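# Secondary and tertiary structure notes
Below are the chains, spelled out letter by letter.
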Amino acid sequence: MAHHWSPCGATAGELYNYALHATVALPRLYLLQRRAYTKECAISCDNMPRRTEAIDDYASAVPQIILSSTDGDFLDHLIPVLKDASNSRRTPALIQCLNQYTEDREADIERIGMTKHEEFLDSVNQLQNVREDTVALIAEILKLNQSIQTSTEQLAEQKSALVNTKAVRQNISDASDALKESLKVLHAVNYAHDLVRRKQYYSALKSLEDLQNEHLVPILQNRYATQHRLADAIQKSIPASRKAISEAVMADLNTWLFRIREASQFLGELAWYYTDQRRLRQKKRVEDDSFLSNFKLNSSIELVCDESEELDVLDNEELQIAFTPLFEAVHIHEALNQSDRFRSEYAATRRQQKDLLLPSSVDLSTDESSLSSLLEGITGFAIIEKATMRRVPHLRSAIEVEELWESMCSTAINITSKALNDVTNAEVLLKIKGIVALFIQTMEGYGYPVSSFETFMLTLFDKYAELLRRRFSEDFQEIVSTDDYMPMAINSQEDFDKVLNVSWYTPEQDMEKITFPCVLPFSQMYPLCCIDIQNFLNQFYFFSDDHFQHSDVIDESLRKSLDKLLTEKVCQSLVERLSSQYLGQIVQILINLEHFETACQELELLLISARSSTSAGGPLKLNATEEFRNNKKTAEKRIFELVNSKIDDLVDTAEYDWFTTTDPSEPSSYMQTLTRYLSNIMNSTLLGLPREIKELIYFDALSHTADKILALPLSSEVKYISSSAVAALAEDVQYLTKFVSSLDNGEMLKENLDELQQTVNLLQSDNHDEFYDMSVRNKKYNRVDALNGPILLEKLNSSAQTSSRSAPLSNLSSRFGMMK
């Protein structure tokens, strides 16, 4: 702060300085006065007039303010004073002090001017010189300033360039930093895409999520970030990336589905092989312990027994099916919140694969392998579905899997049923049944319902039974039609044993007494038919095993089929051949019918013993048994017809001369021929018949012979009978009676000749009236017909009385009345 000084005795320089300070101070003082006055006016407007306070406080402050060397000091001294004046409402005092200071300075200047006039003028001159020097100095300063300005402009340009360079450098640095940040984002994006290429889809999805959370979201939240556009573009591409991941996963899944579809048949083949091995092991266990026969395949006991041999068909040395692509696809779509869409797409894909798996048709007429391939494919497909449902329960529901299963079963059964129409070989059907049975047992092991295929097995059996009936019908027809209907000749013990093994025949003689060659009673058709019958039974029961659950159906179908074959193809064919005129063939047919009846009785017992536990109990009857029994009567009647026809033919050759008068010397030739014929058929043609049938035939033949011989004299053409003719007739009757007596059981057979013998005795009697005496007739002629006797006596009497032919007929009538 400047010191106080007095103008008196001041030098010119001092005076200059004083004048300079005054020049400077006076405007400042004026300004201060103005400001103080303005402040006072403002305060006066805002407040009521107040009493003027003392001004002693500003006497020392004002000189210090005025004489401040710099503007900064001036303000530093002024501000507290103004602040104090404002706060204490002492502005008028400040103004007064300032005015006083101004007046004092003016007075000092005036005094100096009055007392130091010359010195003041010199000072003014000096001041003028100083001013000129100042102007010159100012010009130089201006030049210097211009030079400095030029340098400054150059410096400014350099500085501007430097600033620009720094800005560019900063921009480059910012761009570098932005690029580094962008590279981090792009690296994260590329890493995610690389994970997709390496098929690490979940890691790629997680990488996209980390990219979004760690990089994109912070950038997008800062609108002024340099990477905002890049982040926005990448953010918009994330849905497409996720979709690409989903499509890549589905592509891998479709590849996996294609592979398992291709492997389905092989998988089914492995499952079938494993089931077949279980069958063999169970069969061996049953052989070792018969109690286990009560437990079928897939039963709890069988599963426990076979537990140590359990095989995982999805993971073994032959085949490994990993579900990793499916798990990954499920996991990815869950992460993408697309589980429902994936489930529906997967279900649709499996339905399409199911449709591709099933062919439009199969060929069973030449090769059943097409059916094996079909069912093996279904087996593999169903196993995959079951495994999928077990591993990913929420992906495949039991209802969806069951619908696919039922659809496959229905389609397979339909196309197989159509193909069955072309199958004409029962053995092929048996193979088909084995394939279906193995399929059923395999799928039962995986918990699938197989009722539809069990029902289809009944269809197979019906077709199988039909083919067997057709084939054996042809066989029986051929056997019956090609038989020679001659007793079967056996040349060796070996052949004899074979016949005994294949037929139901028990020799009447002991085996030790049989010599070869020998002749069996039946023809060769009987053992051949027996062989076919047993083959038929075996063929039927081939279908009935532990793989077929309808044994009762087989029992009933077998009974009906066997009954039909024996009745229509054997019995009826034999009956049709009874129209033959060859007695030996008819006899052989009768013998065959006899043995077939016995065979049917044995078959009834066999069928009862072979009947399954599920079939109805009680006796079992074959209609064929009754048919053979009844048609034996038909054959017997036919034999009677042929024998009687032959007898008729022989008797018709009798040449009795009813008017002869010459007694015969020997029996008639027809009678000799007749007895020889009866003897021959009994010892040859009818030899093989049972004794009771032979006796019946003989009995009927003799009765018919007697009736036929008796009918000769009773003929309406014979009007008269001579005694010599009666003698000839008696000779023949005697010859016939003697022949019958020589036969086995001849005494009984002679009863058939009683009427003929008594009639001849009546005609040869000397007293014909005895016939009309009831007591005598009943004793001697009780078998003579009451009508035929008088007629013959009349013809005989008419011949004896040739000259008196007009004998009264009334006499005969009266006698007939007496006889009555």
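Everything below is about the structure printed above this text.
Overview of the structure. (Residues numbered from 1 in each chain as written. Predicted model: local features only at pLDDT ≥ 70, side-chain atom pairs only at ≥ 80, totals over all residues. Heavy atoms only, no water.)

### Re the packing of helix α20 (residues 669-685) against helix α22 (residues 723-741)
Any two packed helices are characterised by how steeply their axes cross, that is the angle between the axes, and by the distance between the axes. The condition that has to hold: Think of each axis as a best-fit line through the C-alpha atoms, taken over the contacting stretch in the case of a helix, with angles from 0 to 180 degrees between the N-to-C directions. The helix count covers DSSP runs of H or I at least four residues long, the strand count covers runs of E at least two residues long, and both are numbered beginning at the N terminus. Reported orientations rely on four angle classes, namely roughly parallel under 35 degrees, roughly antiparallel over 145, roughly perpendicular from 65 to 115, and oblique for the rest. The crossing is said to be left-handed when, going from far helix to near helix, the turn is anticlockwise and less than a right angle, and right-handed when the turn is clockwise. Whether two residues are in contact is decided by their heavy atoms: any pair within 4.5 Å suffices.
Two elements in contact, α20 and α22, have axes separated by 10 Å at closest approach and are oriented at 15°. With respect to each other, α20 and α22 are oriented roughly parallel. The interaxial crossing formed by α20 with α22 has right-handed handedness. Residue-level contacts link Tyr-670, Met-671, Gln-672, Thr-675, Leu-678 and Ser-679 of α20 to Asp-732, Tyr-735, Leu-736 and Phe-739 of α22.

### Here's the deal with the layout of surface pockets
What counts, and what does not: Space inside and on the surface of the protein is sampled on a 1 Å grid over the protein atoms alone, with a cavity defined as a set of points where a 1.4 Å probe fits but cannot get out and a pocket as an open set with protein on both sides within 12 Å along at least 5 of 7 lines; lining residues have an atom within 4 Å of a point. Grid points are joined across faces, edges and corners, and a volume is the space filled by probe spheres set on the points. Three categories are distinguished: nonpolar for Ala, Val, Leu, Ile, Met, Phe, Trp, Tyr, Cys and Pro, charged for Asp, Glu, Lys and Arg, and polar for the others, with Gly belonging to the last.
Looking at the largest pocket, its volume works out to about 1400 Å³. For the largest pocket, the lining is made up of 49 residues, of which Leu-687, Gly-688, Leu-689, Pro-690 and Lys-694 are closest to its centre. It is helix α18 (residues 583-610) that contributes the most residues to the lining of the largest pocket, nine residues altogether. Split by residue class, the lining of the largest pocket holds 25 nonpolar, 14 polar and 10 charged.

### Here's the deal with the nonpolar core
Here is the rule we go by: Only buried residues count toward a nonpolar core. Its members are Ala, Val, Leu, Ile, Met, Phe, Trp, Tyr and Cys residues joined through side-chain atoms within 4.5 Å. Buried, partly exposed and exposed residues are distinguished by accessible area as a fraction of the type maximum, computed with a 1.4 Å probe on protein chains only: under 20%, between the cut-offs, and over 50%, respectively.
Counting residues in hydrophobic clusters, the biggest one holds 149 residues, and the most contacted among them are Leu-375, Ile-378, Trp-405, Val-436, Phe-453, Ile-639 and Leu-678. Element by element, the count of residues in this core is highest for helix α14 (residues 451-482), at 13 residues. With sequence-adjacent residues up to four places away left out, Trp-405 is seen in contact with Ile-378, Ala-382, Phe-439, Met-443, Tyr-448, Pro-449 and Val-450. Counting residues in each nonpolar core, the second largest holds 35 residues, with Val-313, Phe-323, Ala-387 and Val-392 among its members.

### Brief notes about empty space enclosed by the protein
If you roll a probe as big as a water molecule over the atoms, it shows you where there is empty space left. Applying the stated criterion across every chain, the model contains two cavities of 30 Å³ or more. Roughly 40 Å³ of internal volume is contained in the largest cavity. Together, Val-330, Glu-334, Ser-339, Phe-342, Arg-343, His-394 and Leu-395 line the largest cavity. Examining the composition of the lining of the largest cavity, we find that three residues originate from one element, helix α10 (residues 339-357), more than from any other. The residue makeup of the lining of the largest cavity, split by class, is three nonpolar, two polar and two charged.

### Some points on the packing of aromatic side chains
Where we set the bar: Only Phe, Tyr and Trp rings take part, Trp by its six-membered ring, and two of them pair if their centres are within 6.5 Å. Stacked means planes under 30 degrees apart, edge-to-face means over 60, and tilted covers everything else. A ring is scored as having a charge over it whenever the NZ atom of a lysine or the CZ atom of an arginine sits within 6 Å of its centre and within 35 degrees of its normal.
Across all of its chains, the model carries 21 aromatic pairs by this definition. For the pair Trp-405 and Tyr-448, a centre-to-centre distance of 4.6 Å together with 35° between the ring planes defines the contact as tilted. Of this pair, Trp-405 sits in helix α12 (residues 398-420) while Tyr-448 sits in the loop between α13 (426-445) and α14, placing them 43 residues apart in sequence. A residue is classified by how much of its surface remains accessible, and Trp-405, at 2% relative accessible area, is buried. Look at Tyr-448 and you get buried, because its relative accessible area is 6%. Here the aromatic residues Trp-272, Trp-405, Phe-439, Tyr-448, Phe-453 and Phe-456 are joined through ring pairs into a cluster of three or more. The ring of Phe-381 has Arg-350 sitting right over it, with the charged end atom 3.9 Å from the ring centre. Here the basic side chain of Arg-777 rests over the ring of Phe-771, its NZ or CZ set 5.5 Å away from the ring centre.

### Regarding the pattern of salt bridges
Selection criterion: For this document, the term salt bridge refers to a Lys or Arg side-chain nitrogen within 4 Å of an Asp or Glu carboxyl oxygen.
According to the stated counting rule, one finds 24 salt bridges in the structure shown. Across the salt bridge formed by Arg-396 and Glu-385, the nearest N and O atoms sit 2.7 Å from each other. Of this pair, Arg-396 sits in the loop between α11 (369-391) and α12 while Glu-385 sits in helix α11, and the two are 11 residues apart along the sequence. A relative accessible area of 1% means that Arg-396 is categorised as buried. Measuring nitrogen to oxygen at the nearest pair gives 3.2 Å for the salt bridge that ties Asp-754 to Arg-783.

### Let's talk about a nonpolar patch on the surface
For clarity, the cut-off: For patch building, the residue pool is restricted to those with more than 30% relative accessible area and no salt bridge; the joining distance is 9 Å between like charges and 5 Å between nonpolar side chains (Val, Leu, Ile, Met, Phe, Trp, Tyr). For the accessible areas, the method is Shrake-Rupley and the probe is 1.4 Å, while residue cover comes only from the protein chains on display.
Residues Leu-137, Ile-138, Ile-141 and Leu-142 make up a contiguous nonpolar surface patch of about 360 Å² in total accessible area. Along the chain, Ile-138 falls in helix α5 (residues 117-197). Among the residues examined, Ile-138 registers a relative accessible area of 40% and is labelled partly exposed.

### Section: the packing of helix α9 (residues 324-335) against α10
As a packed pair, α9 and α10 sit with axes 8 Å apart at the nearest point and diverge in direction by 145°. Between α9 and α10, the contacting residues are Leu-326, Ala-329, Val-330, His-333 and Glu-334 on the first element and Ser-339, Arg-341, Phe-342 and Tyr-346 on the second. Considered class by class, the residues forming the contact of α9 with α10 number five nonpolar, two polar and two charged.

### Structural notes on the environment of Lys-199
Relative to the assigned elements, Lys-199 resides in the loop between α5 and α6 (201-221). A relative accessible area of 47% places Lys-199 in the partly exposed class. When the C-alpha positions of Lys-199 and Asp-252 are compared, they lie 8.8 Å apart, and in sequence the two are 53 residues distant. Ignoring any residue separated from it by four or fewer positions in sequence, one finds Lys-199 in contact with Asp-252 and Glu-328.

### Description of a negative patch on the surface
For clarity, the cut-off: Neither His nor the chain ends contribute to the count of charged residues, in which Lys and Arg are positive and Asp and Glu negative. Taken as the charge centre is NZ of Lys, CZ of Arg, CG of Asp or CD of Glu, depending on the residue.
Taken together, the side chains of Glu-103, Asp-104, Glu-106 and Glu-110 present a region of like negative charge at the surface. Looking at where Glu-110 falls in the secondary structure, it is placed in helix α4 (residues 91-115).

### Some words on α20
Inclusion rule: Expected span, for any helix, means 1.5 Å times one less than how many residues it has. Within this analysis, the arc is defined by the directions that extend from the helix axis to the C-beta atoms.
The terminal C-alpha atoms of α20 lie 22 Å apart, and with 17 residues this matches the ideal 24 Å at 1.5 Å per residue to within 8%. By the burial criterion, the buried members of α20 are Tyr-670, Met-671, Leu-674, Thr-675, Tyr-677, Leu-678, Ile-681 and Met-682. Mapping the buried residues of α20 onto a view down its axis gives an arc of 155°, with all of them on the same face. Away from its buried face by more than 90 degrees, α20 exposes Ser-669 and Asn-683. Buried residues belonging to α20 abut α18, α19 (623-652), α21 (691-711) and α22.

### Overview of unusual backbone geometry
That bond from Phe-516 to Pro-517 is cis: its omega, 0°, falls within 30 degrees of zero. You can see Pro-517 is positioned in the loop between α15 (493-502) and β2 (518-520). Notably, Asn-337 is not glycine yet its phi reads approximately 60°, a positive angle. Position of Asn-337 relative to the elements: it lies in the loop between α9 and α10. Residue classification places Asn-337 among the exposed residues on the basis of a relative accessible area of 71%. One non-glycine residue with positive phi stands out, namely Tyr-485, at about 50°. When you line up the elements, Tyr-485 lands in the loop between α14 and β1 (488-490).

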